[in-house]
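Examination of the molecular architecture
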Amino acid sequence: RNPEYKAAHWRLAELYTRIGDAEIARHYDPEPSVATLYFSRRYEEMIDLAFDLVLEDGSPATVFTLARAYTATDRYDQAIRLLGNEGLPERLWRDSATTSEIEAGVNLADALKESGRVDEAARIAEYLTPLFGQWAAEIPESWHPHVNLACLHSISGEYGRALDRL
């Protein structure tokens, strides 16, 4: 734990949280972060922290994280409303949609499906699937596009294809 690399500590904490070693994660970042709370499935605490961060900085990344926590805790209408306030799904249809917006689109599709708005969810999933398919082909060693593709296939009711992606 070198103090010169303090900026990397939160990243190491996130990594150790993802692999299930909370004790080592706390070694690198004693204060819980939104990421470590998310990967620890401590969603209620994450919502409180992310909500405070949204009030402080209001960055789209923080808003998208809060929406993810709402979806994880079955608060689909709150997630949909929050993402709608950020211009989703309309921003997805632009060529200039950011990676964060595209990833938030997966969360929006999931929240829409779970709230019974299946047609809207399917439209978003249909649009996003080729994007993540291209990313998966370009960087096949990365788990990230494959997990998003699995989510999109699941949202579309293609459960076999979703499992194949995992």
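The paragraphs below set out a description of the structure included in this document. These numbers come from a predicted model, not from an experiment.

In contact at an axis separation of 10 Å, helix 5 (residues 60-72) and helix 7 (residues 99-114) are set at 20° when each is read in the N-to-C sense. For the element pair helix 5 / helix 7, the angle class is roughly parallel. Considering how the two elements wind past one another, helix 5 and helix 7 form a crossing that is left-handed. Seen from helix 5, the contacting residues are Phe64, Ala67, Arg68 and Thr71; seen from helix 7, they are Ser100, Glu101, Ala104, Asn107, Asp110 and Ala111. Here the residues of the contact of helix 5 with helix 7 sort into four nonpolar, three polar and three charged.

So, about unusual backbone geometry. Glycine aside, residues mostly have negative phi, and peptide bonds are mostly found in the trans state. Following leucine 88, the chain continues to proline 89 via a peptide bond in cis, the omega torsion being 10°. You can see proline 89 is positioned in the loop between helix 6 (76-85) and helix 7. Look at arginine 41: it is not a glycine, yet its phi comes out positive at around 60°. The residue arginine 41 is located in the loop between helix 3 (34-39) and helix 4 (43-56) in this model. Located in the positive-phi region is aspartate 74, a residue other than glycine, with phi close to 65°. By secondary structure assignment, the location of aspartate 74 is in the loop between helix 5 and helix 6. On the accessibility criterion, aspartate 74 (54% relative accessible area) is exposed.

Scoring rules and cut-offs
- Residues numbered from 1 in each chain as written.
- Predicted model: local features only at pLDDT ≥ 70, side-chain atom pairs only at ≥ 80, totals over all residues.
- Heavy atoms only, no water.
- Axes fitted to C-alpha atoms, helices over the stretch in contact; angles between N-to-C directions.
- Helix = DSSP H or I, 4+ residues; strand = E, 2+ residues; numbered from the N terminus.
- Parallel < 35°, antiparallel > 145°, perpendicular 65-115°, else oblique.
- Left-handed = near helix turned anticlockwise from the far one by under 90°.
- Contact = heavy atoms within 4.5 Å.
- Nonpolar A, V, L, I, M, F, W, Y, C, P; charged D, E, K, R; others polar.
- Buried < 20%, exposed > 50% of the residue type's maximum accessible area, 1.4 Å probe, protein only.

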